[in-house]
Each structure stands twice: as structure tokens, then as C-alpha cells.
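Topology and contacts: notes
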Amino acid sequence: TGSMSSECLGNLLRITLSAEYFEDKYLTFSAVDRFGTAWEIDETMASQCGYTVTYNYWGNAEFRASALSCHSQSEKDVFTVTIQIKASHTPDMKNAATHLKTATCRYSPWSPRELVCEKNYMEVSVRKEVPQIVPGFIQDGPEDWALAFPEAKAGGSSIWQIVFHQPEKKKALLVSDAWHAGYGLNTTDTRILLRIPHSAAQIQLVKAQGITFSAVRSSIFYKQRWMILMVDTAVACPVDGVDYVNKTITWTVPKYVQPLSAGATGFKDVLIEAGVDLHRLSAEQMVSRKYSLSNDLDSITIKIPIGAEGGYYKTSVSSGQHGTKYCISLFLEHQWEDNKWGLTKHTLIKEIETPFEHVELTMTNSKWLNTEFTEGTGENLMLTYFFSDTNLSARIMNVTLGVFLPDVELVNLTFEGATVTVLEAIRHGYLTWENRYANGSQTYTIQVPFDAASIKKEYTRDDIRTYTLNVTLDFIIRPTSETFTIPVITVSAVKDAVLPSARGFCDEKNLCLTIARGNVDPNWLLFISNQHLTPEAAQKHSYSLSDNGTHLAICVPFLSPHVDYEDIHSSGIMASLHLTLKDGVTPANRRDFSISCRFSPSQLMQCLPNGTVVITAVKLAGFSDVDISQLVLRDRQCKPILVTEKTATFKFNVNTCGTSRKFNSTTMTYENDVLYFRPGSDMPVYQLKCICWYAIKQTVDVQYESKNNPAPSIKPGYGSLALSLKLFKEKSFSNPYKESEYPVVKYLTEALYFEVELLQSEDVRLELNLKDCWATNSQSSASHPQWPIFSNGCENSEDSHRTIFHQVNFSPRVKFPQHLKRFEVRMFTFVQSTTLLQE
């Protein structure tokens, strides 16, 4: 069906699984032997048996097998490999689909010694033959075989064994032991093979012209009766030798490396070929790609411009930053002849990856989406943000990001602290789509409506609001599964602000404002005289406050602590209410509203029929330094009975406090002044004139009949009052006992100071009166015996130490003296006859 393809690449077979079919699936590979048994391939088995599994940039999976792999079937110059692939959508491989692929390759001719440097193993195979003994045959030096020969002579008959040569010691292993240690050993009719994983313990690092090689010096021997067959199975593969200078990759490989050339002389190059991705390149192809291959006396050097055709860029991440790396799979085959081996073929596969290069991300505001590509290679190198214009008419923000390499995929979006998948983001108003171009590169577009909950809306100035998109995009890189994030913050200024507006009115006793909120910010807070006006604060001051989300309405009584009084004339009192909307994040004032109304002077004065006058003097806005508690009447002994922050209330009879009176034919006029004097001055700086008129002659038609009126009576009202009873430590009533100090120990005749307070109410018309108070011998108020402290508001005349009532005056703690009563009681104990009932 085209989902799998195979290639014969010399002594390697490659089977490719297309990403179109196998991408996003979990895969397992198994090698099928000649008996049909499938052997699942893990990393250890792959390096031991000559298999390599890789994933390329385009998402394709590659399976490579050596011609001499463990389960290949060889016949003369033909080898056949069968693999089984299982593909599943879940890591537990349930419901996996099974695929079989068989491929046959011809490889000829074989060199006497062949060396392969694969990604995960080193392999050496040599021709298995017994040479003739001829005159002048050059023997290996003693150092080559002396270490192995004693084991060969001492070994049992009919046995295969391997000896590893190391500078400090040697190690001999039976084939079975070497296999369990991870080495791959095999023989065919014509060859002996040793395969060594790159992680093997016997590997030594050797230097050749400054280049490091992984090398293993070993001998394999076979002993049977009188014959010993001993084979040199040394192998070496370069570890480094790659430099990155001037945007060029330089790979240097020394030609002759110990121990591959031990005991040999007369070296002669036979063939040097290079290529990419296991494909040989002709000289013309090398030139067209600007590759260079140089063959010096002792080394082979390949130079590749970074970004050249044949390689590819891939996305990478370093320290949370994303960038790119240029990758290329180079192939080098070196054949030479010497007087020891004849022809040696050395095949090297080198996966080269340039160092991480951070990609600078730039932000560009542009009307049209721009793209930049690296021409000629079909690969994308640039990675740039591009933002398209906001669609104001549709009230949509469009953001396009790119250009990304094909290995990048957008998976998640994070906004307001929550991370959601691309599909889940649709429910939050985020639409995303991928824009893919002919060369495989791509951009991502995000579309969000202005009204999405995660879009921050902020009023800035005049009629302009800013809409801020703050989202973090989570990307994944295939197939490495590395992740990186890109924060995207874009701001659009739109002329759509509707500012709050207000209208106001006053009735006989209240100042009212109704505010239409507009759309600038529902989080602006209402302040009155620099105090945040919450529903709780409004209830405390008996203000009417309602908010339906679009309109906010407030009514404040004329005599309230947050009302300002500007002037007083005979025509009335000018009062103002000022409200401020403040930013909920910063303390900045956003909008100010106020209403001013003139109220009748009768709001400040009551002339009662019985000759009592009640005056409420207000503090004017221009007299901030006036201490309102120091206001007096003409008779300076007459002081206010109630003081608040802005008002002082006087209560007096028209015949007291220096009140003057005048008569005319119809009325009697009483006058007094509320005054304020600065210390040491007799000139008032504040004067409020108060006048009461009473009619002298008045004719009223009254129809009546004589009858006995009933005696006056008081009708009680019923309701709930919150009261407190506290015991104080001294006569000043400033330090009450705390709950943790009870029980309090007192001795006979010591004084107890009690205070009873009416709580919560701020009604100045209420006065608290105590009717009955009694003591009991237990916590139950109904228990006996009982002793009256006072009855019907009077002290107990039978008490030897009578209750003493104390006057309550205005103080910072006492705003309503008429709401408190204080009295003093001497300690006593209950007795029955001559017996004390309690200490």
C-alpha cells in the first residue's frame, strides 16, 4: 500500500515506514528468523544483532539491518531480512495492527576485512580461510598475537573463544559469555563476525592525529584437535573530528588508525566515496551542493556548508529557549590495500548535528502576513512573529505566528492560569488553525473575540479602551517530544469606551445620585469621602445603595457624616454629596460625581411647643480647623449634648442659655447663636443664628364637650434591643474586665463599677433607662435569694451602701451619652440568719 519501502545500500538494508500511515502511533519492531519466530528488538538486542531504528525529520521511521545481522538469511552473496512491525494508538500496544516486511539484497564482492561504524554499534567481519604457508610470509609482531596464543594452546578442543587485548591486561571469553556481555559473534560459511555496542566495557579510546577513536583490539580463535584458527578482529570508529567554523561543517577522518593498521605496511588507497543519507554522491553532485572532499596523505576531510542541500534544520530547545540545529547524515567509505589484509573496506555513518543556535524572535505589526524562507534547500530557517491587524468591525483579534519548521506542533494554550488543549480552547473563544506552505514550513493563527472572558479590557483615556490578549502557546517538537512555550501579548486600542454618567436629585431629606456604569470597567469602585462604600458601609450609615450591574443608585440623608455643608443663609443650607469611582487595581481616580442642593433651615432647628429648642449646627467646608465639640451658645456654659464629626446638637429651653426674646403684635421671637471662639479670643469665627417664632394671638374655632379625660398612660412597644453589661476596674470607666479575667475576686465593701450600653443604634432620640437590677446567688436570674440593687430606676433604700449613679459624658468612645447608664455598687454577700451563703 506504500506505507513501507526498502532500499539496498551496500552491506545495509533500509526499510522506511511512512509518516503518513505510522505517525502518532506506538511502534515495536521484531526480527523474524528462518523458522518464523519473531524476536522483539530492544536497544540491547539492536546493538548486538546489527539493527538500527531511527526517526527522521519528516516523521518517517527507519529500520536498518546489517547484511550479517543475527536473523538475516544469507546464501552466497544474497541476504534476506524479515521484520514484523506492530502499530498501536496506545502505549500498552492493545489492538495493535501487525505488518510484515521482507526484503532481499545482493552484496558483492566482500572484502577480506570489512568494518562498519553504525550509529549504535561497531562491526568487523573477516574472510574465514586457512592461508597457505609460503616463503617470505610476514608474521605479525609479537605484541599482536602473543597475548592470545597461550589461550589458544590451552583451550579445549573444538571451541570458539575471543581474547580482548588491553594495555594493562587481557581478557578471554567463551563465545557464550561474550554474547551474554552484549557482544555479537557469528560465523557464516565464509566469514567471521564481531559486533560491539558503543557502550561495551572493552572499548578503549585512542588518538590518531588528534582525533579520538573508539577501538577494540581483539582476536577470535577456533581450536579443533591439531588445528588453531586465529583471526584478528580489531575495529575502530571515530568519536569526534567534527568542527563548526565559518558556517561550515568540517569532518576529518584519519586514514590509518592503530590497531587497524598494526603489523601492516605498504598502504594504498583503492576507493574513497562520500555521500548523504547512505547514498553515494558523484563528484558533480558534490560540487553542485558545494561539498568538498579532500584526500591528504594521512586523512580524509569532508566540508559541508551549514544549510546545504542534503541536510535539514530542526527545531531544538536549550534552557527553555527554542532555536534550530542543522542536521546531516554523512556517509564515508574508505577502501585501502596493505600487505597484511589485502583489501579493507571501512564504512562510516556519521550523524552530525550543529550546536544549538537561538533564534531571535521579532515582533512586527503588519497589515499583510509576511513569510521568509531559505531558498534552494526547501528548508525553513527563519522563525518570526507576525501579527495581522485587528478586525475592529467584527471585534476580533487575529494573531499569526511563524514561520515554524515542520517538526513543530501547537498542542496547548495557557491563559488566566489554566492550560487547555487546542480543541478545549474553542470553548473559551480561541480558534486556532495551521497554515502550511509548499516547503513544509507553517504558521499558526489564533483568533479571539474582544468579548472573550480572558481578554483584559482597560480604559485608558477619552473614549479609548485597550484590549490585551495574554496567552502562552505550548509547542511540541516531533519526534523528540521536546517542548517549548511562546508568550504572546498583544494590545489593541479601540474607540468604544462609554464612560459612567450620573444624574442626581434631592428630596426634603436626602441627596441622591444614579450612576450609569457604561462599559469601561465593571471593577471600578465607589468611594465617598475617600471611604470605599461597600454595601456593609452603606447599611452602617443608613444609606440607600443598590447596584444592578448597569446602574448604581445611592441616597444619603441630609444630616450624614459624608455630606459637605458649604454655606448657610436664610434661604437654606447648601449641602453637597461627592462620589468618586476609583480604579480597582490602582488608587487612581477615574470619575467624579457630585450633587448640591439647598435644604430648608428647618432641617437644623426644631421649635417645640413646650419651649424646647433643638439645634443641629453643621461644620462648614471652609472651617476645617474648627473643633465642633467646642461650639457653644451665647451662654458659653451651654454645650452640645451630641457631637459627630460634622454636627453638634444643642437642646435647651427658650428661657435659658442667653436666649433673647422680642414681641410684636402677633408673634414672640426667641433668638440665640451657636458660636465658636478660638482659644484666647472673644471674637467668634463661627456664628449660626437661630430664631424661633411663636404666635401670641391666634383665633381657633374649637368644638368641644366637657368630659373627664382618663389618666395619661404609657403604652409599651415591643422589639429587640442589643445591650451590653460590662464591669470596669475603676471609677473612670475606661478599662473593663476581659472575659479571660473572670471570675473576678473582690472583698466586702469594695466598689463594683457597672456600665449598661444600648448597642448598634445611632438614633439620637432614644435614651436608655434602667428600671430594675438585682443580684442572685447563682447564674440563674430567677433564682433565690435575690437582693435589689435598684427598683423602678431608684436605689434600694434598705441597702446600707446605696447604689450610686454616675453621669455619662461625650468622649471619643462615647458618641451617644444618652445610650449609656453607669452605676456603682458595694460588695456584699448573702446571709441566712447568721450563716454566710457564699464567700
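Residues numbered from 1 in each chain as written. Predicted model: local features only at pLDDT ≥ 70, side-chain atom pairs only at ≥ 80, totals over all residues. Heavy atoms only, no water.

The protein goes by ZP2 protein in an unreviewed UniProt entry, where it is assigned to Nothocercus julius.

A few points about the confidence of the model for the protein
Applicable threshold: Per-residue confidence from the prediction method is given by pLDDT, with values spanning 0 to 100. Note on contacts: a residue pair is in contact if any heavy atoms of the two residues lie within 4.5 Å.
Considering every residue of the protein, the mean pLDDT works out to 86; 90% of them sit at 70 or more. Ignoring residues within four places in sequence, the model shows residues 136-143, a span with pLDDT below 50, making three contacts including any to other chains. Taken as a whole, residues 365-384 scores under 50 in pLDDT and shows 51 contacts with residues more than four places along the chain or in a different chain.

Some details on the sheet that holds strand S44 (residues 551-557)
To keep things clear, this is the line we draw: Think of it this way: DSSP has to see at least two bridges between two strands before they count as a pair. Labels follow the DSSP assignment, with helices taken as runs of H or I lasting at least four residues and strands as runs of E lasting at least two, numbered in each case from the N terminus. Simply put, an axis is a line fit to the C-alpha atoms, just over the touching stretch for a helix, and the angle between two N-to-C directions goes from 0 to 180 degrees.
The four strands lie next to each other as S39-S40-S44-S43, forming an open sheet whose pairing is antiparallel. Of all strands in the sheet, those bounded by a partner on one side alone are strand S39 (501-506) and strand S43 (544-547). Recorded for the sheet is a direction-independent mean angle of 10 degrees between the axes of neighbouring strands. Pairing between S39 and strand S40 (residues 510-516): six bridges, direction antiparallel. Note on S40: the bridge partner recorded for Ser-501 is Ala-516.

Some points on the sheet that holds strand S49 (residues 612-618)
An order of S48-S49-S51-S50 is seen for the four strands of this open sheet, with the pairing classed as antiparallel. The outermost strands of the open sheet, each flanked by one partner alone, are strand S48 (605-607) and strand S50 (642-643). Pairing analysis gives seven bridges linking S49 to strand S51 (residues 647-653), with the strands arranged antiparallel. Looking across to S51, one finds that Val-618 is bridged to Thr-647.

Focus on the packing of aromatic side chains
The condition that has to hold: Ring pairs shown here join Phe, Tyr and Trp side chains whose ring centres sit within 6.5 Å, with only the six-membered ring taken for Trp; geometry is labelled stacked below 30 degrees between planes, edge-to-face above 60, and tilted in between. Each residue is assigned to one of three classes by its accessible area relative to the maximum for its type, calculated with a 1.4 Å probe on protein chains only: buried under 20%, partly exposed between the two thresholds, exposed over 50%. Sitting over a ring, as applied to charges here, requires NZ of Lys or CZ of Arg to be within 6 Å of the ring centre and within 35 degrees of the ring normal.
By the definition in use, this model includes 27 aromatic pairs. Measuring from centroid to centroid gives 4.7 Å for Tyr-21 and Phe-22, while their planes differ by 80 degrees, and the two rings are edge-to-face. Take Tyr-21: its relative accessible area is 36%, and that puts it in the partly exposed class. Between Phe-415 and Tyr-430, the ring centres sit 4.3 Å apart and the planes meet at 10 degrees, which makes this aromatic pair stacked. One end of the pair, Phe-415, is in strand S32 (residues 408-415); the other, Tyr-430, is in the loop between strand S33 (418-421) and strand S34 (431-436), with 15 residues separating them in the sequence. There is no split in this pair, since Phe-415 and Tyr-430 are both buried. Among the aromatic residues, ring-to-ring pairing joins Phe-404, Tyr-444, Phe-475 and Phe-484 into one connected group. Taking the ring centre of Phe-527 as reference, the NZ or CZ of Lys-582 above it sits at 4.6 Å. Across the ring face of Phe-677, the terminal group of Arg-636 is positioned such that the distance to the ring centre comes to 3.6 Å.

Considerations on the state of the cysteines
The test is simple: Disulfides are defined as pairs of cysteine sulfur atoms found within 2.5 Å of each other.
Considering all chains together, one arrives at seven disulfides under this definition. The disulfide that involves Cys-49 links it to Cys-70, with 2.3 Å between the sulfurs. Disulfide Cys-49 to Cys-70: torsion about the S-S bond roughly -90 degrees, handedness left-handed. Here Cys-49, found in helix H2 (residues 43-49), pairs with Cys-70, found in the loop between strand S6 (61-66) and strand S7 (73-75); they are 21 residues apart in sequence, far enough to count as distant. For Cys-638, the disulfide goes to Cys-657, at an S-S distance of 2.0 Å.

Description of unusual backbone geometry
A cis amide bond, omega -5 degrees, links Ser-108 with the succeeding residue Pro-109. Relative to the elements of secondary structure, Pro-109 occurs in the loop between strand S9 (97-106) and strand S10 (113-117). Omega for the bond connecting Gln-258 with Pro-259 falls within 30 degrees of zero, at 10 degrees, which places this linkage in the cis form. One non-glycine residue with positive phi stands out, namely Asp-277, at about 55 degrees. Along the polypeptide, Asp-277 turns up in the loop between strand S22 (268-276) and strand S23 (279-280). According to the relative accessible area criterion, Asp-277 is partly exposed, its value standing at 32%.

Quick notes on the pattern of salt bridges
Side-chain pairs of opposite charge can arise whenever the charged atoms involved come near each other. Rules: Here a salt bridge means any side-chain nitrogen of Lys or Arg lying within 4 Å of a carboxyl oxygen belonging to Asp or Glu.
Evaluation of the coordinates by the stated rule reveals 35 salt bridges. The salt bridge involving Asp-625 is made with Arg-678; its shortest N-O contact spans 2.9 Å. With Asp-625 in the loop between S49 and S50 and Arg-678 in the loop between strand S53 (667-677) and strand S54 (684-695), this pair connects stretches of sequence that are 53 residues apart. Among the residues examined, Asp-625 registers a relative accessible area of 46% and is labelled partly exposed. By relative accessible area, which is 34% here, Arg-678 ends up partly exposed.

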